[in-house]
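One-letter residues, chain by chain:
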Amino acid sequence: MEFHFDLIEDKVEFFEAVDLKTLEKKVNKQIEINKAIMLSVHHVSHQMHIDEKGRLFYSAVVHFKAKK
């Protein structure tokens with residue numbers, strides 16, 4: 001039996017929430033989880049959308065890269 005492990009070098013994750021505070025909590029939680037597998041934040045992009053009923057919707061994309 002042979003095991004082969006590959007390191008994750010890049011990882012992109014998407015998040016969504018109805019308020020900024022919740023979005024921030026989700027992103028921060030995942031940052032801590034990814035630190036355990038030696039990934040750090042490389043880039044963050046976020047957007048806000050207002051639907052037809054006037055409700056706000058927030059989303060974020062976080063690009064994680066392996067620590068060198």
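A brief structural summary. (Residues numbered from 1 in each chain as written. Predicted model: local features only at pLDDT ≥ 70, side-chain atom pairs only at ≥ 80, totals over all residues. Heavy atoms only, no water.)

## Concerning the layout of surface pockets
Stage number 1. The space that makes up the largest pocket amounts to roughly 150 Å³.
Stage number 2. Residue lining of the largest pocket: Asp6, Leu7, Ile8, Glu9, Ile37, Met38, Ala66 and Lys67, and that is the complete set. (1 Å grid on protein atoms, 1.4 Å probe; cavity = no way out; pocket = protein on both sides within 12 Å on 5 of 7 lines; lining within 4 Å. Points joined across faces, edges and corners; volume = space filled by probe spheres on them.)

## Regarding the sheet that holds strand β1 (residues 10-17)
Stage number 1. Taken together, the 3 strands give an open sheet; going across it, the order is β1-β3-β2, and neighbouring strands pair in antiparallel fashion. On the outer flanks of this sheet lie β1 and β2 (39-50), each paired with one strand and no other. Taken over all neighbouring pairs, the strand axes of this sheet differ in orientation by 15° on average, direction set aside.
Stage number 2. The pairing of β1 with strand β3 (residues 56-66) spans 8 bridges and is classified as antiparallel. Bridge pairing in β3 places Phe14 opposite Val61.
Stage number 3. Running over the sheet, helix α1 (residues 20-35) touches β1, β2 and β3 and is turned about 155° from β1. (Pairing = 2+ DSSP bridges. Helix = DSSP H or I, 4+ residues; strand = E, 2+ residues; numbered from the N terminus. Axes fitted to C-alpha atoms, helices over the stretch in contact; angles between N-to-C directions. Contact = heavy atoms within 4.5 Å.)

## A short note on the pairing of β3
Stage number 1. Bridging between β2 and β3 involves 11 bridges; their strand directions are antiparallel. Looking across to β3, one finds that Leu39 is bridged to Ala66.
Stage number 2. Linking β2 to β3, which pair antiparallel, is a turn of 5 residues; within it Gly54 sits at a positive phi near 85°.

## A closer look at α1
Stage number 1. Here α1 spans 22 Å end to end across 16 residues, near enough to the 22 Å set by a 1.5 Å rise per residue.
Stage number 2. When α1 is considered as a whole, its buried residues turn out to be Leu23, Val27, Gln30, Ile31 and Asn34. Summarising the axial view, the buried residues of α1 lie within an arc of 110°, below the 170-degree limit, and thus occupy one face. Turned more than 90 degrees away from the buried face of α1 sit Lys21, Lys25 and Lys29, all of them exposed.
Stage number 3. The N-cap of α1, judged by a side-chain oxygen 3.2 Å from the amide nitrogen of Lys21 a few residues on, is Asp19. (Expected span 1.5 Å × (residues − 1). Buried < 20%, exposed > 50% of the residue type's maximum accessible area, 1.4 Å probe, protein only. Arc of directions from axis to C-beta. Polar contact = N/O pair within 3.5 Å; in protein donor to acceptor, adjacent residues only side chain to side chain.)

## A short note on the side chain of Asp51
Stage number 1. Examined against the element boundaries, Asp51 turns out to sit in the loop between β2 and β3.
Stage number 2. Taking the relative accessible area as the measure of exposure, Asp51 reaches 19% and is therefore buried.
Stage number 3. From its side chain, Asp51 meets the backbone nitrogen of Lys53 in a polar contact 3.0 Å long.

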